Amino acid sequence: MSSALARDLAAIVGERHVSEARAERFTYAMDGLPTHRRVPDLVVLPGTREELIAVVRLLAALGVPFVPRGAGTGLSGGALADQGTVLLVLTRLNRILQIDNANRRAVVEPGVVNAKLGAAAKPHGLQYAPDPSSQTACTVGGNVAENAGGPHCLKYGVTANHVLALEVLLADGSVVELGSPGGEPWGPDLVGLFVGSEGNFGIATKITVRLTPLPRAIRTLLADFTSIRAAGEAVTTIIASGIVPAALEMMDQSCICAVEDSVYAAGYPRDAAAILLAEIDGRNVDGVVAETEAVTEMLRKSGARSVRSAATEVERERLWQGRKKAFGAMGRLSRDLVVQDAVVPRSALPHVLETICTIAQNYGLVVSNVFHAGDGNLHPNISFDATDPALKQRVEAASAEIMQLCIDAGGTITGEHGVGIDKLRYMHLIFDAESLGAMQAVRRVFDPRELVNPGKVVPIHACREWTSIRNAKFGMRNDTTGFNSAFPIPHSAVEVTR
Amino acid sequence: MTILDKVTALLGEGAVLEAAPDRVPRVAPGSPDAVALLLGTAHQEGWRVRIEGAGTWLQSDAPADIALTTRRLDRIPAIEPSDLTATAEAGIGLDQLRQQLADRGAWLAIDPPGLAGRTLGSVVSTATAGPLRHGYGPIKDHLLGVTFVTGDGRMVQSGGRVMKNVAGYDLTRVQAGGFGAFGVIVLVHLRLRTLPRADVTYVLEGAREDLTQVGEDIAAAGLTPAALELVSPALARRERWVLAVRLAGSPALVAADEAGLGAASGGGRFAPLRAEEAHAFWMRLAEGFAVRPVTFRIGGVPTASDELLDLLQHQLGDEWISASPAAGAIRWTGDASIDRLQRLRRTLAGQEVPLTLERAPWPLRGAVGHFGAYREGVGPLVAGLRRTFDPGGALVVATEGT
Ligand SMILES: Cc1cc2nc3c(=O)[nH]c(=O)nc-3n(C[C@H](O)[C@H](O)[C@@H](O)COP(=O)(O)OP(=O)(O)OC[C@H]3O[C@@H](n4cnc5c(N)ncnc54)[C@H](O)[C@@H]3O)c2cc1C
Ligand SMILES: Cc1cc2nc3c(=O)[nH]c(=O)nc-3n(C[C@H](O)[C@H](O)[C@H](O)COP(=O)(O)OP(=O)(O)OC[C@H]3O[C@@H](n4cnc5c(N)ncnc54)[C@H](O)[C@@H]3O)c2cc1C
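Residues numbered from 1 in each chain as written. Chains lettered and ligands numbered in written order. Predicted model: local features only at pLDDT ≥ 70, side-chain atom pairs only at ≥ 80, totals over all residues. Heavy atoms only, no water.

S.K.: Before we move on, can you summarise the overall build of chain B with the specific residues and values?
M.R.: Summing up its helical and strand segments, chain B has 14 helices and 19 strands in all. The C-alpha radius of gyration computed for chain B amounts to 21 Å, which stays within 12% of the reference 21 Å derived for 402 residues, consistent with globular compactness. Its C-alpha atoms give chain B principal-axis dimensions of about 70 × 50 × 40 Å. Within chain B, the fraction of its 402 residues that count as buried is 62%. A separation threshold of at least 6 residues defines the contact pool for chain B, and within that pool the share at least 24 residues apart is 71%. (Helix = DSSP H or I, 4+ residues; strand = E, 2+ residues; numbered from the N terminus. Rg over C-alpha atoms; globule rule 2.2 N^0.38 Å. Buried < 20%, exposed > 50% of the residue type's maximum accessible area, 1.4 Å probe, protein only. Contact = heavy atoms within 4.5 Å.)

S.K.: Requested: an account of the packing of aromatic side chains, with residues and values cited.
M.R.: In total, this model carries 7 aromatic pairs over all chains according to the counting rule given. The interplanar angle of 5° and the centroid separation of 4.5 Å between the aromatic rings of F201 of chain A and F446 of chain A together place this pair among those described as stacked. One end of the pair, F201 of chain A, is in the loop between α7 (190–194) and β10 (203–210); the other, F446 of chain A, is in helix α16 (residues 433–446), and 245 residues separate them in sequence. On the basis of relative accessible area, F446 of chain A is assigned to the buried category, the value being 4%. Each ring, one from F281 of chain B and one from W282 of chain B, has its centre 5.2 Å from the other, and the planes form 85°; the classification is edge-to-face. Residue classification places F281 of chain B among the buried residues on the basis of a relative accessible area of 4%. (Phe/Tyr/Trp six-rings, centres within 6.5 Å; stacked < 30°, edge-to-face > 60°.)

S.K.: Which residues make up the sheet that holds strand β6 (residues 85–89) of chain B, and what values go with them?
M.R.: Residues and elements named next belong to chain B. In space, the 5 strands of this open sheet follow the order β5-β6-β10-β8-β9, with antiparallel pairing throughout. Of all the strands in the sheet, just β5 (78–80) and β9 (155–159) have a single pairing partner and so form its edges. Sheet twist, expressed as the average angle between the axes of neighbouring strands with direction ignored, equals 15°. Bridge analysis of strand β8 (residues 143–149) against strand β10 (residues 184–191) gives 6 bridges, and the strand direction is antiparallel. Looking at the pairing, L143 lines up with L190 of β10. (Pairing = 2+ DSSP bridges. Axes fitted to C-alpha atoms, helices over the stretch in contact; angles between N-to-C directions.)

S.K.: With reference to specific residues and values, describe the environment of L436 of chain A.
M.R.: Residues and elements named next belong to chain A. Structurally, L436 is set in helix α16. Residues L436 and H461, 25 residues apart in the sequence, show an inter-C-alpha distance of 9.8 Å. Sequence-distant contacts of L436, defined by excluding residues within four places in its chain, comprise M427, H428, F431, V458, P459, A462 and C463.

S.K.: Now, about the pattern of salt bridges: what can you tell me, with residues and values included?
M.R.: Applying the stated rule across the entire model yields 51 salt bridges over all chains. D336 of chain A is the salt-bridge partner of R335 of chain A, the closest N and O atoms lying 2.7 Å from each other. According to the relative accessible area criterion, R335 of chain A is partly exposed, its value standing at 40%. A salt bridge links R208 of chain B to D310 of chain B; its shortest N-O distance comes to 2.8 Å. In this pair, R208 of chain B sits in helix α7 (residues 208–220) while D310 of chain B sits in helix α11 (residues 305–316), placing the two residues 102 residues apart along the sequence. With relative accessibility at 41%, the residue D310 of chain B sits in the partly exposed group. Three or more residues are tied together by salt bridges with common partners; here these are R49, E50, E167 and K206 of chain A. (Salt bridge = Lys/Arg side-chain N within 4 Å of Asp/Glu carboxyl O.)

S.K.: Could you give me a rundown of the site of ligand 2, with the residues and numbers involved?
M.R.: All names here are of chain A. Taken together, 34 residues form the shell around ligand 2, and within it P68, G70, T73, S134 and T139 come nearest. The contact in question runs from a nitrogen atom of ligand 2 to an N or O atom on the side chain of E416, over 3.1 Å. Out of a free accessible area of 990 Å², ligand 2 has 95% covered by protein chains. Among the elements of the structure, β3 (66–69), α5 (140–146) and β10 are those that each provide at least two residues to the shell around ligand 2. With 5 residues, α5 is the single largest residue contributor to the shell around ligand 2. Residues of the shell around ligand 2, tallied by class, amount to 13 nonpolar, 17 polar and 4 charged. Counting the residues that make up the shell around ligand 2, at least three belong to each of domain 1 (3–89) and domain 2 (96–214). (Near = heavy atom within 4 Å. Polar contact = N/O pair within 3.5 Å; in protein donor to acceptor, adjacent residues only side chain to side chain. Areas by Shrake-Rupley, 256 points an atom, 1.4 Å probe, with all protein chains shown as cover. Nonpolar A, V, L, I, M, F, W, Y, C, P; charged D, E, K, R; others polar. Domains from an automatic or database assignment.)

S.K.: Summarise the pairing of strand β13 (residues 247–252) of chain A; cite the residues concerned and give the values.
M.R.: Residue and element names in this part refer to chain A. Among the 6 residues of β13, 6 are classified as buried, and the element is accordingly described as predominantly covered. Here β13 shows no split at all, with A247, E249 and M251 on one side and L248, M250 and D252 on the other all buried. Across 6 bridges, the pairing between β13 and strand β14 (residues 274–282) is antiparallel. The residue bridging L248 from the neighbouring strand is A278, located in β14. Across 2 bridges, the pairing between β13 and strand β17 (residues 366–371) is antiparallel.

S.K.: Which residues make up the interface of chain B and chain A, and what values do they have?
M.R.: In this complex, chain B contributes 72 residues to the contact, which on the side of chain A involves 90 residues. Of the roughly 6400 Å² buried between chain B and chain A, counting both surfaces, carbon and sulfur atoms make up 59%. The largest share of the area that chain B buries against chain A comes from R154, K164 and Y169 of chain B, three residues that together contribute 16% of it. Remark: the boundary between chain B and chain A carries 6 salt bridges. (Buried area = accessible area lost by both parts, 1.4 Å probe.)

S.K.: Kindly report on the confidence of the model for chain A, identifying the contributing residues and their values.
M.R.: Confidence along chain A averages 91 in pLDDT terms, with 93% of residues attaining 70 or more. Counting contacts from residues 468–498 of chain A, a segment whose pLDDT is below 50, to residues more than four positions away or on other chains yields 56 contacts. (pLDDT = per-residue confidence, 0-100.)

S.K.: Help me get a handle on the domain arrangement of chain B, residues and values and all.
M.R.: Its domain assignment divides chain B into domain 1 (3–69), domain 2 (78–194), domain 3 (198–285) and domain 4 (294–401). Taking only C-alpha atoms, the centre of domain 1 of chain B and the centre of domain 3 of chain B are 44 Å apart.

S.K.: I'd like a rundown of the domain arrangement of chain A, residues and numbers included.
M.R.: Residue and element names in this part refer to chain A. Here chain A is described as being made up of domain 1 (3–89), domain 2 (96–214), domain 3 (217–328) and domain 4 (426–486). Each partner contributes residues to the interface: domain 2 has 8 residues there, and domain 4 has 9 residues. Between domain 2 and domain 4, the buried area comes to about 920 Å², and carbon and sulfur atoms account for 67% of it. By the criterion of area lost to domain 4, the three top residues of domain 2 are A171, N200 and F201, representing 58% of everything that side buries. At the junction of domain 2 with domain 4, the criterion picks out 0 salt bridges. The interface formed by domain 2 and domain 4 includes 3 residue pairs in polar contact (both at pLDDT 80 or more). For the side of domain 2 that touches domain 4, a count of residues per class yields 4 nonpolar, 3 polar and 1 charged.

S.K.: Describe the environment of F371 of chain B, with residues and values.
M.R.: Residue and element names in this part refer to chain B. Here F371 shows up in the loop between α13 (362–368) and α14 (378–389). According to the relative accessible area criterion, F371 is buried, its value standing at 2%. Through-space distance from the C-alpha of F371 to that of G177 is 9.9 Å; in sequence the pair is 194 residues apart.

S.K.: Which residues make up the packing of helix α1 (residues 3–13) of chain A against helix α3 (residues 49–62) of chain A, and what values do they have?
M.R.: Residues and elements named next belong to chain A. The contact between α1 and α3 brings their axes to 9 Å, and the two run at 155°. In terms of orientation, α1 lies roughly antiparallel with respect to α3. Every pair of crossing elements has a handedness; the one defined by α1 and α3 is right-handed. Between α1 and α3, the contacting residues are L5, D8, L9, I12 and V13 on the first element and E51, A54, V55, L58, L59 and L62 on the second. (Parallel < 35°, antiparallel > 145°, perpendicular 65-115°, else oblique. Left-handed = near helix turned anticlockwise from the far one by under 90°.)

S.K.: I'd like to hear about the state of the cysteines, residue by residue, with values.
M.R.: Tallied over the entire structure, the rule returns 0 disulfides over all chains. Between C138 of chain A, a free cysteine, and C153 of chain A, which holds the nearest cysteine sulfur, the sulfur-to-sulfur gap is 11 Å. (Disulfide = S-S within 2.5 Å.)

S.K.: Which residues make up the side chain of R133 of chain B, and what values go with them?
M.R.: Residue and element names in this part refer to chain B. Positionally, R133 belongs in helix α5 (residues 133–136). We classify R133 as buried; its relative accessible area is 13%. Residues in contact with R133, not counting those within four places in the same chain, are E229, S322, A323, S324, A329 and R331.

S.K.: Could you give me a rundown of the sheet that holds strand β18 (residues 329–334) of chain B, with the residues and numbers involved?
M.R.: All names here are of chain B. Taken in spatial order, the 8 strands make up an open sheet running β15-β12-β14-β13-β17-β18-β16-β19, and their pairing is antiparallel. Edge positions in the sheet fall to β15 (271–272) and β19 (355–359), since each of these pairs with one other strand and no more. Direction of pairing for strand β12 (residues 198–206) relative to strand β14 (residues 241–249): antiparallel, over a ladder of 9 bridges. From the neighbouring strand, A198 faces β14, where its bridge partner is G249. Of the strands in this sheet, β12 and β14 are in contact with helix α9 (residues 251–264), which crosses β14 at around 150°. Lying over the sheet, helix α10 (residues 275–288) contacts β12, β13 (227–231), β14, β15, β17 (320–324) and β18, oriented at roughly 60° with respect to β13.

See below:
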């Protein structure tokens, strides 16, 4: 990439905020997933919305592709930029523009860290409910792009349920306002369409979110089980009862031990096959107490060895700390980690969890489960050492088998981490060529030249071409672009493994 | 060969129903594939198609060569009470769906305006939520995925059947509230709740300003009603405005909220309705919006609700209004001219409040459009989506007005 471009960009954002040097660019070669690595040609950190717009207009005029990046905690390789691509890091756009207490909403810049927004809302008796475990680092812009979830999304809903309006910078440098402050769309729900589009439809430059009142009463329960199946059945029982806990999280033994061996030791019983962390909250103390009793009873009846209630706020925070830092703790188990994110129907949990154990045993691998059980959102993680090619092959085979298991159970390939580049190869397993083609066509409505975050989300090879726009002009319909949707995408084409 | 001959050859005699009042042939495909076949042919032949559900909400009066009704797409392939999910075809009547869910202890927490037999597809495509949006959110929050057929006959799936899903772009969002302009919805995957074991309704009559205050007090007191609806006297058929509070959920939670209600009512006394009375009250409210010629919704921030109600009263008269002030959602029905509606939409747009025309005779619908007064840059995106999903313009929908 030409140094003339670097100079022009520096003229907009200042020299300090353009990185050309190899060492600096290497900092941005990965996101939260250690298995993909790509070094961007140029890294730019705009300091204001106006600088960002000027940068994108320059790149658009030159036809240079670019990738928006928040904190880089993503777990699907979405914020990686290839050669010939400029990485736009948005962490300097970190102002909370407004907290509207009366209407319970906030307006923020995309680089605001999730937990900072929560902290700013708290004095008003409000919270920003979506709480990804990475919340102390990840940005609201990244949350919007991934439609991030979190433990408390079981009751409160995911990011998509909390975004009311967006200002979006399109790839051609124009700015559009989607949605309205009240949340009612101007026609089709373009805000909902943008959320979860993984930076493929443009860059969110201003985000209006809904805040919710802080609960007045919270009860946190720790239940431990001697079998994974029993823990899975407890989840199914609670969900079917109609009580919606604020959170219902599960960890298996391997994960429990990883946490207990780390500085985030939470006092989880090491000899348990699985633990459930259940939280009941609400605005009405009596109601919360009654529901907590009911849930405790259900946990006991499902075979919990013990059910413990956090007696103090400190104890509650410790229980949650262990859960939220579990990924980090697992990072200590070995050099590399495959992070999966499938979702299954909740009633399938016992069967799926048991089968995952069997698959792990068959391949001689360590699989640790830590996940949002109440939503059926699994995170089976495989620890391994990628420098061992034979081991790496076994990990890939086991991952594919686990994914197929979840799909066969009626599930999907990703519940919150997104497709990015990591799950491109699974997309054709759940979407036919026509549906993938439709997605690609919608992307082109927002970004006809595919300049923003190219090569992510939709496996182009697997799309049935959506050529009807062109053909319609000639009054004919193209029926000859039949395509074999089972076409396997060569592994080497979608990732570079460390 | 007439259009009717071609359709009969394509889908069989069983698919052709009695013609619509304006003599447009009415076709009822019996499966999603048949919808795709019909629209593919319509696209090739240049037929204009209007979409109908059960025929209870919009007048069947859009100029078209055929009317495609989803009423034979009325199966419910799956109800999973333990997962709290269901899959239903778009032509199923909401009343039938509700009954089948209740038999399995499950509940779809929506109560859209209109007659009980409205199709699920029409509710999704018009994104018409009722009072329950206060506690359970807009229609889109109840959708896990949809399958739809584009105007040129392609079948597209989006979303899935599980609680969380971020695989690919969420095309479901374009269909929810798209009024059929981006395709015909054939299948809907729904998120359910358990049938509430306690479900009670209280009403309080009074001056609008007083009731608004009571509503705010209820929210501040930490109560979590399923619905908190402010209803105009004419619509409620009462002397004064009515604040209706619906509490639904576990008996323990409902009892706790009932106890808090008295304290929050500012001296006024909430009257409980007996179960049949409550049912009749909410039903009358829903049906009230399907009898007058024009129905629209607007959405602003909660603190603007009072001002918006004043504006409607001033510009159109306040006879038939229902509002969820805390959700900032207001629905109006009555008689209004093209000119007045267009003016109102412009005024509201200046306050960042969208007006969505939900129901009106074609001449008015065509002129005003379901949507309009977009923010800058939105128009081209909507037009682009329309071209993508209906390249030949086969689907006759008054998206933006003329
Ligand atoms: C009480 C009553 C009064 C009536 N009054 C009149 C009258 O005054 N004049 C008259 O001509 N007829 C009248 N009718 C008849 C009736 O309105 C029409 O015959 C009917 O066919 C039109 O309803 P619909 O299917 O559009 O309604 P709905 O099924 O409610 O559909 C509403 C909207 O949703 C869209 N839609 C529906 N299903 C889907 C789907 N699956 N995918 C995408 N979009 C979809 C439709 O395009 C439409 O925009 C009346 C009927 C009743 C019951
Ligand atoms: C330890 C750990 C725990 C995690 N726990 C969870 C969890 O519980 N739930 C969950 O959902 N995720 C979780 N994640 C994943 C990750 O934190 C989320 O996906 C988060 O939303 C990413 O935010 P970010 O700012 O780091 O975005 P990045 O990783 O920088 O970017 C992610 C994607 O967003 C795009 N993007 C960033 N900003 C914008 C913008 N302003 N406009 C448009 N596109 C943009 C990028 O191009 C990229 O495609 C976890 C990650 C880690 C490392």
